[in-house]
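What follows is each chain in one-letter form.
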Amino acid sequence: MEDTKVMVPGVPSDEDVLEGMLSRRFQYAKGVLGHSTYHDTFRTKTRWELVRLSLLIVGIECTYATETAFVAPILLGIGLPHTVMTMMWAMPPIVGVLFVPVVASASDRLRSKWGRRRPVLLALGVAMLLGMMLLPHGRLVGEAIGLRTVAWVATLTTIGLTTTDFSAEASNGLCRTYAMEVCTIGDQARVLSTMMLIGGLGGSLGYLFGAVDWSALPIGEYFTSNESAVFTANWIVLLVGLLSTLTSFPEIPLPVQERDELLRPVTHRALQNELRRLRGDEIQTELGGDSIGFRQFVRNTIRMPRSMKILCATQFLSHMGYLPYCLYFTDFVASAVFHGDVQAPPESAAFVRYEEGLRFACFGMALFAAGASLYSLVIERAIKRVGARAVYVGGLMAHCVGMLAMGFLHHWAVVLLCCSLTGIMYATIYSIPFLLISQYHSKNSFAMVDGKCVESTEPRGFGADVSMMSSVLCLAQLIVSLVMGALIDAVGTTTVIIFAASGCSLLAACSAMAVLYMEL
């Protein structure tokens, strides 16, 4: 969306002032002080540098895909009934709702020489890797320590699931926070779109790992099961992504930002202050960083600005529309589209159709991930052309219409088309909300009056607000885990899940109409 700018005689344009501020800080960090590890924060990144910065997202999305495909079979293989297996999915979101915001708040206040985000990402990454090792090997670990009962094996497996899922969700938001903080204002939209692009490729990679019959390959003899091979491949991808992201760009530590104004990132607020100074107007006081205490964090969570409440509500409804598709799509396709039956005898025609449906559903999920990647290539241009509101609402409505069509028309071609539409929605909800939060914080404003931003007097942590998006995902996953199984049993068909997803996406689109976009 093009903004009409009023040029003041004798005052350079916003772009010229921004370029000057970045240049001064770049030269200061690199030359005057010799801080060669800090100057990269003040320069434009190349596309390859943005890819390297985003590779952790590839590992996280690959992990999500592997979990979606294999956690249910692993839990059922232990000997758990379907009802208990479904309840196991509720554990990670419970932990996430309680602790993801706490982790993000602690990251905001971290005074490590390595920065605020990378030490936390390292700890979460190690926890994720350990969880990925435990998840498919719960039975072996149980036997090794003398805990061979179904209850103990299920407990160990659930610990692996909860550790992996919580760490992945917390890392998802923090990785985006870290990326936006080490990028210039102009690169923030580019890095988010890059994350969506290669994140979709990571999801596709995870589903392709699951489609391979590892036992038929020579390397398969080194693994105890097909699931073990898939998780090992995922583990390697996650490790490479973690190391790549953590070593991409250094952060400027919080104490350094507090001491030296020229080593603080250039935000929209800093840019506006510089413009005010050039015009001779009063400037706002800008503190180093966005560090807040735990008490203030709790207060911010309870007393969120109206704009943040609406954004969180929209993201919650968006995930309520996406998660039923994510968790129940394979079973819906196998039973409703291919008319298969998972409880039929293994050699029966109904069971064969169910297996064919599962494989087709995995292909559809890979198409969904690829669609999200491709759409991320154009979403930045779409925002500039028609505005963030139209892109946000349009992405949610694409999923709404797709789910509605899939619910009425049980045809394989419709399924593939609707998977692509869901990819559009996924790319939307993992980019625009984070851009909006960045916009709010950089302008230090969460409200507008008469078309002008109202400065906020309440300190808020950027990382903590980003983590709110992860918390609402955990809350949505908790509700879906507890409610959708009973809903399927009550109605007697998985098609009801598709209609529920469509309805939630429609409500999310309506909520998105009320979101504060601040000229984005």
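Everything numeric here is computed off the predicted structure, so don't read it as measured data.

## Considerations on the environment of Phe223
Mapped onto the fold, Phe223 is located in the loop between α8 (185–211) and α9 (226–246). Classification of Phe223 as partly exposed rests on a relative accessible area of 23%. If sequence neighbours within four positions are ignored, Phe223 has contacts with Ser228, Ala229 and Thr232.

## Regarding the packing of helix α7 (residues 150–181) against α8
As a packed pair, α7 and α8 sit with axes 9 Å apart at the nearest point and diverge in direction by 145 degrees. The handedness of the crossing between α7 and α8 comes out as right-handed. Mapping the contact onto sequence places Cys175, Arg176, Ala179 and Met180 in α7 and Gln188, Val191, Leu192, Met195 and Met196 in α8. For the contact of α7 with α8, the residue count by class is seven nonpolar, one polar and one charged.

## Quick notes on the packing of aromatic side chains
Applying the stated rule across the entire model yields 11 aromatic pairs. Ring geometry for Phe338 against Phe360: centres 5.4 Å apart, planes inclined by 50 degrees, an arrangement best described as tilted. Linking Phe338 in the loop between α13 (306–337) and α14 (349–386) with Phe360 in helix α14, this pair joins segments that are 22 residues apart in sequence. With relative accessibility at 22%, the residue Phe338 sits in the partly exposed group. Note on Phe368 and Tyr426: the rings are 5.4 Å apart at their centroids and 75 degrees apart in plane angle, and the pair reads as edge-to-face.

## Regarding the side chain of Gln477
One can find Gln477 in helix α18 (residues 462–491). Gln477 sits in the buried class, given a relative accessible area of 9%. In contact with Gln477, not counting residues within four places along its chain, are Trp89, Pro92, Pro93, Asp165 and Leu323.

## Remarks on the confidence of the model for the protein chain
Here the protein chain shows a mean pLDDT of 83. Residues at 70 or above account for 92%. The lowest-confidence element of the protein chain is helix α12 (residues 294–302), averaging 69 in pLDDT; the highest-confidence one is helix α5 (residues 118–134), averaging 95. Note that residues 1–6 has pLDDT below 50 and, in this model, nine contacts with residues that lie over four places away or in other chains.

## Quick word on unusual backbone geometry
The backbone phi angle of His339 is positive, close to 55 degrees, even though this residue is not glycine. Of note, His339 is situated in the loop between α13 and α14.

Conventions used here
- Residues numbered from 1 in each chain as written.
- Predicted model: local features only at pLDDT ≥ 70, side-chain atom pairs only at ≥ 80, totals over all residues.
- Heavy atoms only, no water.
- Helix = DSSP H or I, 4+ residues; strand = E, 2+ residues; numbered from the N terminus.
- Buried < 20%, exposed > 50% of the residue type's maximum accessible area, 1.4 Å probe, protein only.
- Contact = heavy atoms within 4.5 Å.
- Axes fitted to C-alpha atoms, helices over the stretch in contact; angles between N-to-C directions.
- Left-handed = near helix turned anticlockwise from the far one by under 90°.
- Nonpolar A, V, L, I, M, F, W, Y, C, P; charged D, E, K, R; others polar.
- Phe/Tyr/Trp six-rings, centres within 6.5 Å; stacked < 30°, edge-to-face > 60°.
- pLDDT = per-residue confidence, 0-100.

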